[in-house]
Amino acid sequence: MQIGFETIREILEHRLHQEDIERLLHGLDEAGKAELFYRITELLRRTTALADIANRVSDSLSLDVLFPRLMEVVTEALNADRSSLFLYDADAGELFSRVMQGDAIGEIRFPSHVGVAGSVFTRGEAEIIADAYADPRFNQDVDRHTGYRTRNILCVPIRNKKREVIGVTQVLNKNTGDFDLDDQHLLEGLSLQASAALENARLFEKVERQQREEAMLMEISISFVSEIHLDPLLTKIMAAATELLSADRGTLFLYDAATDELHSRVAGGIAGNAIRFPATDGIAGECFTSGAVINIADAYNDLRFNPDFDRLTGYRTQTILCMPIIARGQRKVGVMQILNRKGGAFGNDDERRLRAFSAQAAIAIENAQLFEAVSTERNYNEAILHSMNNAVLTLDADGILRKANEAARRILRRSDAELIGHTLEELFIGGNAWVANSLEKVRVSGQTDITVDTDLLIEGGQAISVNMVTVQLNSTRNESIGYMLMLEDITREKRLRNTMSRYMSKSVVDQLMESGEAVLGGTGRDVSVLFSDIRGFTSISERLGAKETVALLNEYFTDMVDIVFAHNGVLDKYIGDMIMAVFGSVLQSKDDASNAVMVGNKMMTGLHQLNRRRAARGGEAIRIGVGISTGHVVAGNIGSIKRMEYTVIGDRVNLAERLESANKFYGTSILLCEATWAQVNHHAAAREIDLIRVRGRSTPVAIYEALGHHSEDSFPHRAEVLEAFGTGLSLYRQRDWTAAERSFRQALAGHPEDGPSKIYLERCRVYAKEPPPDEWDGVWSVQPK
């Protein structure tokens with residue numbers, strides 16, 4: 001007697017009466033009952049898998065999130081070793097998947113007709129392959145490269161609601177036996193369930209990408225408008241174009257109507273010597289002449305491509321996208337040629353992006369060319385000079401100073417009468433002779449001369465730091481008509497940057513410079529302070545010796561300080577092997593405490609990676625402790641006249657150091673004070689450890705252990721352990737030593753290495769024999785280091 005899935009579904013949904021079920025079971029032998037049990041189990045497994053996949057994709061709009069979630073569900077549901085999911089990219093004609101590559105999500109692509117997945121996608125039919133190596137479509141090189149062994153494969157098409165194939169799901173190596181039709185039907189159901197979420201995620205990703213492109217084009221347009229000199233503009237255009245299309249390099253050819261030639265002033269995003277050729281030659285020439293886009297997927301198979309340039313430079317051109325640059329009135333001003341898209345050939349979206357980009361570039365190029373053509377009539381324009389913050393000095397062809405803007409008079413602290421009509425040799429003497437020397441270089445070479453961060457002596461012997469650009473002014477016939485010097489006073493910025501760059505990342509320094517806050521003089525602030533220290537460093541240094549100890553510290557400090565800087569922390573100082581970092585001492589944020597805790601957790605994961613590198617080199621692992629406190633401190637430049645450091649002082653600094661040291665007592669890695677926990681308890685993983693009284697403070701402090709850095713390996717059964725520990729801590733404070741001891745033993749059963757549970761277990765034993773006095777408040781006094 002056979003019982004189908006529909007009958008089983010009626011049983012599970014209570015649509016059959018008890019007597020019907022008993023009559024049904026009475027007619028079954030033992031094999032039939034076993035088959036019934038298997039089918040009930042199989043149906044429950046399918047239902048659970050479908051519900052699981054619905055739950056996991058319901059809140060995801062990102063393919064980067066969906067891919068691993070779906071593959072995890074599929075692998076578990078099919079009882080297999082691993083699985084892959086591939087979606088079809090119609091523009092590229094490829095199947096692609098998102099996978100973890102190191103610490104980031106990477107993309108795998110291949111033609112949509114290749115391999116088992118390509119065959120299933122092309123035909124739209126599921127396949128069960130019992131022996132992968134016997135199937136000629138299977139690429140054994142992948143197994144040889146990874147060391148993996150593929151035995152059997154189940155691959156089904158992913159169809160949307162319109163029954164269109166949008167991708168494939170592929171499962172490898174069923175853990176028990178071979179894949180069967182039940183597995184195929186289950187995988188088809190899972191794939192159908194996931195298809196809507198996948199299409200929504202792709203649509204979301206497409207919209208998001210279009211928004212990013214629009215924002216980028218807006219930024220590009222703004223940057224183009226601000227640049228009126230042609231060569232820098234062309235450099236910006238090519239750098240932006242290659243970034244926009246994720247390409248390796250590009251070249252921009254401008255049309256010279258006088259010679260009917262195309263010439264490049266920028267190649268690969270770098271200004272260089274012009275390359276000239278007839279406007280009808282090669283791929284660029286055909287694109288310019290026809291005004292049509294040329295998209296080449298394989299350059300060496302295109303007869304129009306000249307491989308001599310590759311042989312000359314050692315470069316390998318693979319894909320080419322060539323776009324005409326058309327200005328107002330359909331006037332072609334040049335051609336943009338982009339090479340080697342990262343990730344495959346250029347698609348329709350790339351053509352659309354480059355077309356929109358070239359329209360913006362055409363306007364900017366036309367404006368820059370216009371400015372270049374009329375620059376001889378505009379170089380004395382007082383409105384432009386007056387609006388500039390930089391000093392501008394213009395000289396005639398004989399080197400006599402003819403114009404000085406207001407900024408020049410302010411920076412040089414000289415009047416027009418003292419400047420106009422003189423040569424640079426008369427104005428800049430002694431230590432300032434480099435100014436006249438720069439002019440001489442330009443006069444001889446005709447090339448722009450740039451001087452960066454150089455001292456200029458002004459009235460009273462005072463020195464200021466300046467950047468200077470010296471350029472030759474040419475007529476439309478390329479004849480020299482004079483020279484221009486532009487000086488930027490960077491004294492204040494240089495002084496402040498030099499001071500602050502010792503303590504913080506470049507991004508924080510930039511924010512500080514933009515905000516204009518005077519933070520160095522001393523101010524009261526609420527900050528989070530972090531201390532970290534290497535455990536047993538004295539013994540380690542004795543074993544390593546001086547040279548290896550310095551190498552260890554440099555590598556360790558580099559990794560840890562990069563983490564601090566990445567989360568807007570300020571490096572306060574190194575104290576031997578200890579790091580002191582502060583969050584909020586320069587620019588405050590509501591996330592200062594969160595950043596400090598995040599840095600502490602990432603220090604632990606970063607230390608794990610450092611130890612793996614050291615282990616690969618035969619070095620011993622190191623351990624660290626971290627203490628974090630939050631509260632009011634005094635921040636500012638503190639020290640003697642000869643040497644000052646930007647730092648913070650106050651009770652909270654001492655508390656952070658005490659907490660770092662207390663890790664050794666509790667067997668923990670990161671301890672937080674109560675004020676820090678109050679600001680991060682809505683999102684950070686932690687547990688209360690104790691009420692302590694530290695040296696120098698009479699008020700007890702509640703301390704917490706940050707747990708965000710732990711994995712299942714480093715803290716097994718975490719939920720059960722934390723529940724048992726929390727119960728034990730409550731009973732301990734109620735003086736119920738026996739019940740508390742049971743809870744702490746239960747916590748240690750889940751995690752035998754849990755330091756706090758060990759400590760409380762020992763305390764319970766001691767207090768059970770010798771209870772504390774009646775006024776005992778549960779506080780533990782931490783002894784000094």
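Sorry, what's going on with the overall build of the protein here?
Per the secondary structure count, the protein includes 26 helices and 26 strands. Relative to its 785 residues, the protein shows a buried fraction of 45%. Put simply, of all contacts in the protein between residues at least 6 apart along the chain, 57% involve residues at least 24 apart. Accessible surface for the protein amounts to roughly 40100 Å². Of this, 51% is attributable to carbon and sulfur atoms.

Where do I start with the sheet that holds strand S16 (residues 463-474) in this structure?
Hydrogen bonds between backbone groups are what pair the strands of a sheet, and the pairing can be parallel or antiparallel. On the basis of which strands lie adjacent, the open sheet formed by five strands has the order S14-S13-S17-S16-S15 and antiparallel pairing. Since the sheet does not close on itself, it has two edges, and those belong to strand S14 (401-404) and strand S15 (449-457), each with one partner. Averaged over all pairs of adjacent strands, the angle between strand axes in this sheet comes to 25°, irrespective of strand direction. Where strand S13 (residues 391-396) and S14 come together, three bridges link them in antiparallel fashion. Its bridge partner being in S14, leucine 395 is matched across the sheet by leucine 401.

What am I meant to see in helix H21 (residues 592-616) here?
Since one α-helical turn is 3.6 residues long, residues separated by three or four positions face the same way. Over its 25 residues, H21 runs 36 Å from end to end, which matches the ideal 36 Å to within 8%, given 1.5 Å per residue. One or two steps after H21, the chain reaches glycine 618, where phi turns positive at roughly 85°.

Sorry if this is basic, but what is going on with the environment of glutamate 762 here?
Looking at the element boundaries, glutamate 762 is found in helix H26 (residues 755-769). We classify glutamate 762 as partly exposed; its relative accessible area is 42%. When the C-alpha positions of glutamate 762 and glutamate 741 are compared, they lie 8.6 Å apart, and in sequence the two are 21 residues distant.

Would you mind showing me how to read the environment of leucine 659 here?
Residue position: leucine 659 is located in helix H22 (residues 651-666). Leucine 659 sits 14 residues away from cysteine 673 along the chain, and the two C-alpha atoms are 7.7 Å apart.

Honestly, the packing of aromatic side chains in this entry has me stumped. Any pointers?
The geometry of an aromatic ring pair is captured by two quantities: the separation of the ring centres and the angle between the planes. Enumeration according to the criterion identifies 20 aromatic pairs in this entry. The interplanar angle of 55° and the centroid separation of 5.5 Å between the aromatic rings of tyrosine 133 and phenylalanine 138 together place this pair among those described as tilted. For tyrosine 133, a relative accessible area of 22% translates into the label partly exposed. One cation-aromatic arrangement involves arginine 249 over tyrosine 315; the distance from NZ or CZ to the ring centre is 3.8 Å. Over the face of the ring belonging to tyrosine 300 we find arginine 316, whose NZ or CZ atom lies 3.9 Å from the ring centre.

I'm lost on helix H24 (residues 718-733) in this one. Help?
End to end, H24 covers 22 Å across 16 residues, agreeing with the expected 22 Å (1.5 Å per residue, within 8%). Buried residues of H24: Val721, Ala724, Phe725, Gly728, Leu729, Leu731 and Tyr732, and no others. Seen from one end, H24 has its buried residues packed into an arc of 165°, which puts them on one side. Turned more than 90 degrees away from the buried face of H24, the exposed residues are Ala719 and Glu723. Of the surrounding elements, those touching the buried residues of H24 are strand S24 (686-693), helix H25 (737-750) and H26. Where H24 ends, the next residue or the one after it, arginine 735, has phi of about 70°, a positive value.

Reading the values: the criteria
Residues numbered from 1 in each chain as written. Predicted model: local features only at pLDDT ≥ 70, side-chain atom pairs only at ≥ 80, totals over all residues. Heavy atoms only, no water. Helix = DSSP H or I, 4+ residues; strand = E, 2+ residues; numbered from the N terminus. Buried < 20%, exposed > 50% of the residue type's maximum accessible area, 1.4 Å probe, protein only. Contact = heavy atoms within 4.5 Å. Areas by Shrake-Rupley, 256 points an atom, 1.4 Å probe, with all protein chains shown as cover. Pairing = 2+ DSSP bridges. Axes fitted to C-alpha atoms, helices over the stretch in contact; angles between N-to-C directions. Expected span 1.5 Å × (residues − 1). Phe/Tyr/Trp six-rings, centres within 6.5 Å; stacked < 30°, edge-to-face > 60°. Lys NZ or Arg CZ within 6 Å of the ring centre and 35° of its normal. Arc of directions from axis to C-beta.

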